[in-house]
Amino acid sequence: MRPVWEEKPTPVGQAAKGTALTVIVLAVLFPIWSVLVTSLSSRETINDSGGMVFIPKGFDPSAYVTIFSGGQVTRAVGISILVSVVGTAFSLVLTVLAAYGLSRPGTVAHRPLLFLFLLTFLIYPGLVPSYLVVTELGLKDRLWALIVPTAVSVFNLVVIRAFFQGIPSELIDSARIDGAGEFRILWRIVLPLSKAVIAVVGLFYAVGYWNVFFNALLYINDNDKWPIQRVLQSFILAGQSPQVSGSTGNLPGVTPYPPTLAIKMAVVVVTVVPAVLVYPFVQRHFTKGVIIGAVKG
Amino acid sequence: MRVSRRARSRVPLRARLRRDWPLLVMTAPAALVLLVFHYLPTIGNIIAFQDYSPFFGDSAPEAFLNSEWIGFGHFEALFKDPAFWDAVRNTLTITAFQLVFFFPLPIAMAILLNSVLSTKLRSFVQSVAYLPHFFSWVLVVTFFVQMLGGAGLLAQEMRQQGLQPWGIMTNPETFIVLVTAEGVWKDAGWGTIVFLAALSTIDPHLYEAAAADGAGRWRRMWHITLPGLRPVILLLLILRLGDALSVGFEQYILQRDAVGRQAAEVLDTFVYYQGILTQQWGFGAAAGIFKGMVGLILLLTANHLAHRLGEQGVYAKA
């Protein structure tokens, strides 16, 4: 509802606003649409258009059949799912535990420990020594290299900690009087109250792990262990052909069909899908969980 | 706070340990990760003063002990290296360019979205605009290549019209525009969140009173909306200035080969190529120290400035 005191909008103003909103929406959706349509196009459609397609003609899922019938893309998707699931669980456990451990001022070593965490915002360790540490720990060419070094996001920790601190201390005290230890209090009382914020942080971790690229470039040389982003980069930006697939040799799809462009675009779609799937959920909880938590912190 | 501190000091340490040890156990794993993957590398930076090579020993600590100390040799070489100054200049130019052409966009977009009365339309546009934030840089660059690249949609349409497509993805001269456009596409929508939150805290009565006093919509924006956003704008500006030496990593690594080192080498990619790929460990660490130190000074200075301006800044005055 427009407030009574506000002027009626001018037609020019309305038109400008409408145009701006349309441009924003199209700028985001059109590329995604075009990639999706191209990935489902047949060889003729792609040849007719001279490359990318944005007007769908027919429906040809053969590109997806090809990339999911074994070979590098199938494996990379599996690896990325594995890294995302294990990494998110690992990160959440570490972050939630530490957020709770640091949530009560006045406990032993509270200030120095909190300082240890917060100081990471100011200190930049540098790429070379970080690389040397990870390599020295024998993590090279292991998927743990994509998880452990980035497992704790202090920002996420601060958000969860702020939320924990907002839980009335009477609840925790009464549980303690009833004889509950800290682990039980966390599990039985604090966690059930913090589902939303933990879900959001978990999704942020999951998206981060799904998107991991640079650490894969640094630490994973063995292309049998590449996550999906690294594969996408090598196919599209470094121009390697998707058919040449790691150690398992050629895919069944080396035959003329489906066209290379459709396969490439299918890989793009596969990389986009998880982000789009988790997205409505993040959106629903975002303002509730994170903004409020961050502002309070 | 004061009460709890006094109460704390009365309890002997041993009793407090008996009470608090579970909390310490809970904090330990995350603290360990930070110690190993954040603080250990921070200390490891001392190889910048060494002629370090992993081949000087069977393990990194052994190699470290066997490496010769060379003082500031790597720093001297670094500061004499024109490629390093190219990278610094590129980084700062990109930061400055993005402060002008990227930074104000989320503010404008937030004000625009805030003025949309239909909540349905508004939340639809918001959802769409936030989406690319969740894409990796690989994806973002891929979308740009497929739309604007030499084999992309735009070039193919132009060719069909008999026009000569321009190589926007490979042109070093327009690279700064390209990376900014990619940044805008990915994060401008997401950047509106914090401004929208700030806008929602502005008291609507202020607008009403101003309108009653005869202030038009532009004057209301100037005298109410923008002052209401001032703390957030300043805070983000400080954060950006403090981070002036980081323009992002993956975005540049992904495009450096297509555009060339001259335009696309930033400080982070310089460290990657000079430190890790060519295995000049000490030299790369020196460049990393430079980045870390200058970044820290920038952040502290920017924050100090904010305090001087009467704003809260990133952290409170101790």
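From a predicted model like this one, the values you see are computed outputs, not experimental measurements.

Caption draft 1: Just the overall build of chain B, in detail. Across its full length, chain B holds 16 helices and zero strands. Taking 20 Å as the expected radius of gyration for a compact globule of 318 residues, we find that chain B reaches 25 Å, considerably beyond that expectation. Each principal axis of the C-alpha distribution contributes one length, and for chain B these read about 75 × 75 × 35 Å. Taking all contacts inside chain B whose residues are at least 6 apart in sequence as the whole, residues at least 24 apart take part in 62%.

Caption draft 2: Quick look at the overall build of chain A. If you tally the helices and strands in chain A, you get 13 helices and zero strands. Helices and strands in chain A line up, N terminus first, as α-α-α-α-α-α-α-α-α-α-α-α-α. When the 297 residues of chain A are sorted by exposure, 43% land in the buried category. Taking all contacts inside chain A whose residues are at least 6 apart in sequence as the whole, residues at least 24 apart take part in 73%.

Caption draft 3: Representation of the nonpolar core in the model. Residues and elements named next belong to chain A. With 144 residues, the main nonpolar core has Ala98, Ile160 and Val267 as its most contacted residues. If you tally residues by element for this core, the top one is helix H4 (residues 72–101), at 11 residues. Once you skip the residues sitting within four places of it in the chain, Ile160 turns out to touch Thr95, Val96, Ala99, Val197, Ile198 and Val201.

Caption draft 4: Just the domain arrangement of chain B, in detail. All names here are of chain B. Entries for chain B in the domain assignment read domain 1 (2–66) and domain 2 (76–308). The distance between the C-alpha centroids of domain 1 and domain 2 comes to 34 Å. Tallying the contact residues gives seven residues for domain 1 and six residues for domain 2. When the residues that make up the side of domain 1 that touches domain 2 are grouped by side-chain class, the tally is three nonpolar, three polar and one charged.

Caption draft 5: The packing of helix H8 (residues 137–148) of chain B against helix H10 (residues 175–200) of chain B, seen in detail. Residues and elements named next belong to chain B. Packing of H8 against H10 leaves a shortest axis separation of 10 Å and a crossing angle of 120 degrees. Taken together, the axes of H8 and H10 are oblique relative to one another. Relative to H10, H8 is oriented so that their crossing is right-handed. Together, Val140, Val141 and Phe144 of H8 and Glu182, Trp185 and Lys186 of H10 make up the contact between the two elements.

Caption draft 6: Region of the structure containing unusual backbone geometry. Residues and elements named next belong to chain A. With phi around 60 degrees, Ala109 is a residue other than glycine that occupies positive phi space. As for its placement among the helices and strands, Ala109 is situated in the loop between H4 and helix H5 (110–118). A positive phi angle is found at Asp141, which is not glycine, with a value near 60 degrees. Along the polypeptide, Asp141 turns up in the loop between helix H6 (127–136) and helix H7 (154–165). Among the residues examined, Asp141 registers 13 C-beta atoms within 10 Å and is labelled partly exposed.

Caption draft 7: Main features of the environment of A:Val201. Residue and element names in this part refer to chain A. Along the chain, the position of Val201 falls in helix H10 (residues 195–210). Residue class for Val201 comes out buried when judged on the 28 C-beta atoms lying within 10 Å of it. With 41 residues separating them along the chain, Val201 and Ile160 place their C-alpha atoms 8.1 Å apart.

Caption draft 8: Inspection of the domain arrangement of chain A at higher detail. All names here are of chain A. Along its sequence, chain A is organised into domain 1 (1–60) and domain 2 (62–296). Those elements that provide at least two residues to the side of domain 1 that touches domain 2 are helix H1 (11–39) and helix H2 (43–49). Element by element, the count of residues in the side of domain 1 that touches domain 2 is highest for H1, at five residues. Within the side of domain 1 that touches domain 2, the residues separate by chemical class into four nonpolar, four polar and two charged.

Caption draft 9: Summary view of the interface of chain A and chain B. Tallying the contact residues gives 72 residues for chain A and 77 residues for chain B. Those elements that provide at least two residues to the side of chain A that touches chain B are H1, H4, H5, H6, helix H9 (182–193), helix H12 (228–237) and helix H13 (260–296) of chain A. With 11 residues, H1(A) is the largest single contributor of residues to the side of chain A that touches chain B. When its residues are assigned to classes, the side of chain A that touches chain B shows 49 nonpolar, 16 polar and seven charged.

Caption draft 10: Here's a closer look at the confidence of the model for chain B. Model confidence for chain B is summarised by a mean pLDDT of 89, while 95% of its residues fall at 70 or above. Prediction confidence for the complex, expressed as pTM and ipTM, is 0.89 and 0.89 respectively.

Caption draft 11: The arrangement of the packing of H4(A) against helix H2 (residues 13–44) of chain B in detail. Contact geometry for H4(A) and H2(B): axes closest at 7 Å, N-to-C directions at 130 degrees. For the element pair H4(A) / H2(B), the angle class is oblique. Between H4(A) and H2(B) lies a crossing whose hand is left-handed. Residues A:Leu94, A:Thr95, A:Leu97, A:Ala98, A:Tyr100 and A:Gly101 of H4(A) lie in contact with H2(B), whose contacting residues are B:Leu23, B:Leu24, B:Met26, B:Thr27, B:Pro29, B:Ala30, B:Ala31 and B:Val33.

Caption draft 12: Structural detail: the environment of B:Leu267. Mapped onto the elements of the fold, B:Leu267 is located in helix H15 (residues 267–277). Expressed as a C-alpha distance, the spacing of B:Leu267 and B:Asp243, which sit 24 residues apart in the sequence, is 12 Å.

Caption draft 13: Just the environment of B:Lys80, in detail. Tracing the sequence through the fold places B:Lys80 in helix H4 (residues 73–80). Each C-alpha atom of the pair B:Lys80 and B:Pro54 lies 25 Å from the other, and the pair is 26 residues apart in sequence.

Caption draft 14: Focus on the confidence of the model for chain A. Residues and elements named next belong to chain A. Considering every residue of chain A, the mean pLDDT works out to 86; 88% of them sit at 70 or more. Within chain A, the element-level pLDDT minimum falls on H13, averaging 73, and the maximum on H4, averaging 96. Low pLDDT, under 50, characterises residues 243–257; the stretch is placed with 25 contacts to residues that sit more than four places away or in other chains. Low pLDDT, under 50, characterises residues 289–297; the predicted model gives this stretch 18 contacts beyond four residues in sequence or across chains.

Procedures and definitions
- Residues numbered from 1 in each chain as written.
- Chains lettered and ligands numbered in written order.
- Predicted model: local features only at pLDDT ≥ 70, side-chain atom pairs only at ≥ 80, totals over all residues.
- Helix = DSSP H or I, 4+ residues; strand = E, 2+ residues; numbered from the N terminus.
- Rg over C-alpha atoms; globule rule 2.2 N^0.38 Å.
- Contact = placed C-beta atoms within 7 Å.
- Buried ≥ 20, exposed ≤ 12 C-beta atoms within 10 Å, placed from the backbone.
- Core = buried A, V, L, I, M, F, W, Y, C linked by C-beta atoms within 7 Å.
- Domains from an automatic or database assignment.
- Nonpolar A, V, L, I, M, F, W, Y, C, P; charged D, E, K, R; others polar.
- Axes fitted to C-alpha atoms, helices over the stretch in contact; angles between N-to-C directions.
- Parallel < 35°, antiparallel > 145°, perpendicular 65-115°, else oblique.
- Left-handed = near helix turned anticlockwise from the far one by under 90°.
- pLDDT = per-residue confidence, 0-100.

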